Amino acid sequence: MSSYLNVEHSLTGRRWIGPTSEADRQAEAMVQETRLPLPLARVLVARGVAPEQAAGFLEPTLRELLPDPHMLKDMEKAARRFLAAVKGREKIAVFADYDVDGGSSAALLIVWLRAMGREATLYIPDRIDEGYGPNVPAMEALAQDHSLIVCVDCGTLSHEPVAAAKGADVVILDHHLGAETLPPALAVVNPNRQDEDGALGHLCAASVVFLMLVEANRQLRAEGVQGPDLMALLDLVALATVADVAPLVGVNRALVRQGLKVMARRDRPGLKALADVARMDQAPSAYHLGFLLGPRVNAGGRIGAADLGARLLSCTDPAEAEALAARLDELNTERREIENRVRDAALAQAEARGFDAPLVWAAGAGWHPGVVGIVAARLKEATNRPAVVIGLDGGIGKGSARSVAGVDLGAAVQRVAAEGLLLKGGGHKMAAGLTVAEDQLEPAMARLSELLARQGAGAGGPRDLRLDGLLMPGAATPQLIEEIDKAGPFGQGAPAPRFAFPAMEIRSPRRIGENHLRFTFSDGMGARIDAVSFGAFDGPLGPVLSDPGANRFHLAGRLEINTWGGRAKVQLRLEDAARVE
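Below: a short report on this structure. Predicted model, so just to flag it, every value in this text is computed and none were measured.

Let's talk about the nonpolar core
Counting 98 residues, the largest nonpolar core has F82, L109, W112, L173, M212, L213 and L293 as its most contacted members. A per-element tally of this core places helix α9 (residues 205-222) first, with 10 residues. Among the nonpolar cores identified, the runner-up in size contains 42 residues, and L36, A41, L517 and F519 belong to it.

Next comes the structure, spelled out in structure tokens:
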């Protein structure tokens, strides 16, 4: 495949790859048939959308895309038992994971129950002291005082802890990969059970919880009772979907699209307070969920009190919400400092080991278990390979792993655990967690690398940058960006379109903050666009583009609308550049 704009080696060392001639032909045909702008047509073609599907794709609706909850095994049983506990005024416990998906899932149940005049006990395990998922002491204690325990975003592999909940019924609402046998729960609702067909395997746990509430409302409606407003809960589903890196395809697109509209109303005190401390000054987007709100909700589970995020998302008092949001913001700042130290050490170690293998990994004594997942994501992004980062303590390593598209990491980790090289491990396609004895670290990683290689990990060029086409500054208008945004939301499985601007003049480059670059560029024909490159001075982009003697450059990045002082301006979020040869 030939390079785009003849860029074989950009400033960041990448080869640029653009649309094929066949993709260009299909885009031109779509323009003729739909009258859509060519850049948008190129985006749709890249996503496999046919002309006759374009209108429906650009306006996804839950009415068309929301699956029947009965598609999932045990769903009817789970909802019936949940409603029986509500009607019987039984004591209900919600056992949730400590991440955004777990916190959002717990908040969905708590908010729904409050609307029905009921309360629930929230239990979220401490990441360090208890680890992921249900444990025997916690389940034994909860079973003494509760007749129903609902495990959300966890529990599918928790055979012994579920069995320990004597005297209580356990309902599991999860999405992590299941084993050959299920725990002895009353119901296990999970699209990634081995006896499911996988059609809904892209759902996060909050979406599974939402479908259970859809079924609960349906059963109430059959009895002549109006259930709580489910559409008002979609802001929580959207947050979980994006933060848990679920692919934004199918019903997930509709859930996030509608959830963002709900979030824009700022009705939920917790999310309103969190948006304010994150200094969000525009309508929420998938970017804000993934990079501003999600990390702050996660910060409690990573390095603070595990239940802070779920409490924030479910609280009703604005003053309490502001206090919780402020605390999470502080913890997020602390988390970043810890993450930076671990990231630098992990990158150095992984680089010494080499970035060419199917798996990139690093392990270190004392690395905080709350940040190893984020650092694994950074390694994955830097190398385009699955990555594992492990913190060692007392001869035991606890780690997190992140994958790339097309490589099922959870299944591979689960197999290595089944073979005895890991003490335990599991997850889903894009993320996994594992525990390993330090003396088994090297063979476990070698075996995991072997399994991932069979799926094609490491085969793609780590330095390829894929582009959706060319644009000139005069064509990059706010109206065009609004049209392109209709193909969103963008995120995992649906990357934001990336365009190249050929042979641009760099003007007024200036350093902002510690390591960022801001400048204006032009094609010399009058039109100008502002650009920003975050972390530019951590690599070659900042020094080269800010050089007063710099000539013309091809620029590549994602377009966005920057609203400042009530004015909407087009801005390029620069990702790469190449000298014009």
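A short note on the sheet that holds strand β8 (residues 387-393)
With mixed pairing, the five strands of this open sheet are ordered in space as β7-β8-β9-β11-β10. The outermost strands of the open sheet, each flanked by one partner alone, are β7 (360-365) and β10 (424-427). Across this sheet, the average inter-strand angle for adjacent strands is 15 degrees, counted without regard to direction. Sheet topology note: the β7/β8 ladder contains six bridges and is parallel. Pairing of A363 across the sheet is with I390, part of β8.

A few points about the pairing of strand β17 (residues 553-564)
Bridge analysis of strand β14 (residues 499-512) against β17 gives four bridges, and the strand direction is antiparallel. Note that in β17 the partner of F501 across the bridge is L555. Inspection of the sheet shows β17 paired to strand β18 (residues 567-579) by 12 bridges, in the antiparallel sense. Within β18, the residue paired with N562 across the bridge is K569.

As for the sheet that holds strand β3 (residues 121-123)
The strand order across the open sheet formed by five strands is β3-β2-β4-β5-β6, and the pairing between neighbours is parallel. The outermost strands of the open sheet, each flanked by one partner alone, are β3 and β6 (187-189). If you compare each strand with its neighbour and ignore which way they point, the axes differ by 15 degrees on average. As defined by bridge partners, strand β4 (residues 148-152) adjoins strand β5 (residues 169-173) across five bridges and the pair is classed as parallel. Counterpart to L148 in the pairing with β5 is D169.

Considerations on the state of the cysteines
Applying the stated criterion across every chain, the model contains zero disulfides. C154 provides the cysteine sulfur closest to C204, a residue in no disulfide bond, and the two sulfurs are 14 Å apart. Look at C204 and you get buried, because its relative accessible area is 1%.

Details of the side chain of H146
Structurally, H146 is set in the loop between α7 (136-145) and β4. Only 2.8 Å separates the side chain of H146 from the side chain of T121, close enough to count as a polar contact. Polar contacts involving the side chain of H146 include one to the main-chain carbonyl oxygen of L142, which spans 2.9 Å. Sequence-distant contacts of H146, that is, excluding residues within four places in its chain, are made with K91, I92, A93, T121 and A168.

Considering the pattern of salt bridges
Using the criterion set out here, one finds 35 salt bridges in the structure. A salt bridge links R335 to E339, with the shortest nitrogen-to-oxygen separation between them at 2.3 Å. Placement of the pair is R335 and E339 together in helix α15 (residues 318-353), with a separation of four residues, close to one helical turn. Each member of the pair R335 and E339 is classed as buried. When salt bridges with common partners are traced through the structure, they connect R415, E419, R447, E450 and R454 into a single cluster.

Regarding the packing of aromatic side chains
Inspection of the entire model under this criterion finds five aromatic pairs. With centroids separated by 5.2 Å and ring planes inclined at 65 degrees, the aromatic side chains of F501 and F521 adopt a geometry described as edge-to-face. Of this pair, F501 sits in strand β14 while F521 sits in strand β15 (residues 516-522), and the two are 20 residues apart along the sequence. Aromatic pair F519 and F521: ring centres 6.4 Å apart, planes at 50 degrees, arrangement tilted. The same class applies to F519 as to F521, namely buried. By way of ring pairs, the aromatic residues F501, F519 and F521 are connected into one cluster. Cation over ring: R253 sits above F57, and NZ or CZ is 3.8 Å from the ring centre.

Calculation notes
Residues numbered from 1 in each chain as written. Predicted model: local features only at pLDDT ≥ 70, side-chain atom pairs only at ≥ 80, totals over all residues. Heavy atoms only, no water. Core = buried A, V, L, I, M, F, W, Y, C linked by side-chain atoms within 4.5 Å. Buried < 20%, exposed > 50% of the residue type's maximum accessible area, 1.4 Å probe, protein only. Helix = DSSP H or I, 4+ residues; strand = E, 2+ residues; numbered from the N terminus. Pairing = 2+ DSSP bridges. Axes fitted to C-alpha atoms, helices over the stretch in contact; angles between N-to-C directions. Disulfide = S-S within 2.5 Å. Polar contact = N/O pair within 3.5 Å; in protein donor to acceptor, adjacent residues only side chain to side chain. Contact = heavy atoms within 4.5 Å. Salt bridge = Lys/Arg side-chain N within 4 Å of Asp/Glu carboxyl O. Phe/Tyr/Trp six-rings, centres within 6.5 Å; stacked < 30°, edge-to-face > 60°. Lys NZ or Arg CZ within 6 Å of the ring centre and 35° of its normal.

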